[in-house]
Amino acid sequence: MRATRNIWLIARTILLEALRRRELYAIVLVSVLLLAGLRFVTFFDIEGLSKFYREIALKTMNLATALVAILLAARQLPREFKNRTLYPLLAKPVTRLEFLLGKYVGVLLATGFCYAMFLVIFVVACVSLKAPVNYGLFAQGICLQAVSISVVSAMTFLLSLLLNIDAAITLATLLFMSSQVLMTLMSYLWDVVGSVQRALIIGLHYLIPQLTLFDVSAKITHNIWAPLPLKSMMTLSAYGLVYSFIFLSLAYVLFRKRPI
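Asks: I'm lost on the overall build of the chain in this one. Help?
Replies: Assigned secondary structure in the chain consists of ten helices and zero strands. In sequence order, the secondary structure elements of the chain are arranged as α-α-α-α-α-α-α-α-α-α. Burial statistics for the chain: of 260 residues in total, 42% are counted as buried. Within the chain, counting contacts between residues at least 6 apart in sequence, those at least 24 apart form 82% of the total.

Structural data, given as structure tokens:
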């Protein structure tokens, strides 16, 4: 009970701090402007272009949310060490694990708040424009994005303990972006490379989480696919949660070894 309370208090502090940051609302404003363009596209009654725009809007929302998670997660632990605000907290009955989990949960809550604002804007735009959306698949897409953000946040926490803030943000962003194209690239290269290169491809496949698996933007937009089977959802969720657990566990090991 005490551990849960400590984690929640730390997470709540991170959420409140994030809500005061202007960058969060700047991103939302950009999203509003992006989705507002959908009405202009629909005005000309170009359905194919309208679908393409909705897909781009969803992908942009997912990208913006991932960047928010990276920026928030990369700054948490290095800032605590730099400002020496970590020490009085750990002097109280707060363990390092509780502190790390509180920071992690706080980043997830703040990122979730940002994503929720994007989703409200997107749904309002779709309803006002009478754009068809498969809400069953849409709900699954939200759940999968939550899993994706948990992976990105945990990975960034780990990188922030290995590198400085700028390097952690840069590398986390590069890994996120590369994961979006790595699976496609691997499928193209598999038949034209040798055994050594294939072994390297397999290694990269397991080292870098394939976050594109969690993106169902195209399926949501074109409205011709049924919701994913329960088994597929469970498999994808387990895949993401395993990566989150591994990254966060490694981050905890490094955090424990840091002298206080």
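Asks: I would appreciate a short explanation of the environment of Val-68 in the present structure.
Replies: Here Val-68 shows up in helix 3 (residues 47-83). Residue classification places Val-68 among the buried residues on the basis of a relative accessible area of 5%. Excluding its chain neighbours within four sequence positions, the residues that come into contact with Val-68 are Leu-24, Ile-27, Thr-111 and Cys-114.

Asks: Explain the confidence of the model for the chain here, please?
Replies: Detailed conclusions should not be drawn from predicted coordinates in areas where pLDDT is low. When pLDDT is averaged along the chain, the result is 81, and 85% of the positions lie at 70 or above. Per-element averaging of pLDDT across the chain places helix 2 (residues 22-43) at the bottom with 66 and helix 10 (residues 230-257) at the top with 93.

Asks: What is the right way to read the environment of Leu-100 from this model?
Replies: Relative to the assigned elements, Leu-100 resides in helix 5 (residues 96-128). By relative accessible area, Leu-100 is classed as buried at 0%. Along the sequence, Leu-100 and Ile-10 sit 90 residues apart, while their C-alpha atoms lie 9.1 Å from each other. Setting aside residues up to four positions removed in sequence, Leu-100 forms contacts with Leu-77, Phe-157, Leu-248, Ala-251, Tyr-252 and Phe-255.

Asks: Hey, could you run me through the pattern of salt bridges in this one?
Replies: Tallied over the entire structure, the rule returns three salt bridges. Where Glu-17 meets Arg-79, a salt bridge forms, and the shortest distance between an N and an O atom there is 3.2 Å. Of this pair, Glu-17 sits in helix 1 (residues 2-19) while Arg-79 is found in helix 3, placing the two residues 62 residues apart along the sequence. By relative accessible area, Glu-17 is classed as partly exposed at 31%. A relative accessible area of 27% places Arg-79 in the partly exposed class. Here Lys-59 and Asp-215 are joined by a salt bridge, their closest N and O atoms 3.0 Å apart. Separated by 156 residues along the polypeptide, Lys-59 in helix 3 and Asp-215 in the loop between helix 8 (195-207) and helix 9 (217-222) bring together distant segments of the chain.

Asks: Sorry, what's going on with the side chain of Ser-150 here?
Replies: Tracing the chain through its elements places Ser-150 in helix 6 (residues 135-162). A polar atom in the side chain of Ser-150 sits 2.5 Å from the backbone oxygen of Val-147. Those residues in contact with Ser-150, other than ones at most four positions away along the chain, are Tyr-104, Leu-108, Leu-241 and Ser-244.

Asks: Would you mind going over the environment of Tyr-206 with me for this structure?
Replies: Assignment of secondary structure puts Tyr-206 in helix 8. It is 9.7 Å that separates the C-alpha atoms of Tyr-206 and Tyr-243, two residues lying 37 residues apart in sequence.

Asks: Just checking my understanding: could you explain the packing of helix 5 against helix 10 for this structure?
Replies: Two numbers describe a pair of packed helices, the interaxial angle and the distance between the axes. It is at 10 Å that the axes of helix 5 and helix 10 come closest, and there the two elements cross at 135°. Relative to helix 10, the element helix 5 lies oblique. As for the relative orientation of helix 5 and helix 10, their crossing is right-handed in sense. Here helix 5 contributes Arg-96, Leu-97, Phe-99, Leu-100, Leu-101 and Tyr-104 to the contact with helix 10, which in turn contributes Ser-244, Leu-248, Ala-251, Tyr-252, Phe-255, Arg-256 and Lys-257.

The rules behind the values
Residues numbered from 1 in each chain as written. Predicted model: local features only at pLDDT ≥ 70, side-chain atom pairs only at ≥ 80, totals over all residues. Heavy atoms only, no water. Helix = DSSP H or I, 4+ residues; strand = E, 2+ residues; numbered from the N terminus. Buried < 20%, exposed > 50% of the residue type's maximum accessible area, 1.4 Å probe, protein only. Contact = heavy atoms within 4.5 Å. pLDDT = per-residue confidence, 0-100. Salt bridge = Lys/Arg side-chain N within 4 Å of Asp/Glu carboxyl O. Polar contact = N/O pair within 3.5 Å; in protein donor to acceptor, adjacent residues only side chain to side chain. Axes fitted to C-alpha atoms, helices over the stretch in contact; angles between N-to-C directions. Parallel < 35°, antiparallel > 145°, perpendicular 65-115°, else oblique. Left-handed = near helix turned anticlockwise from the far one by under 90°.

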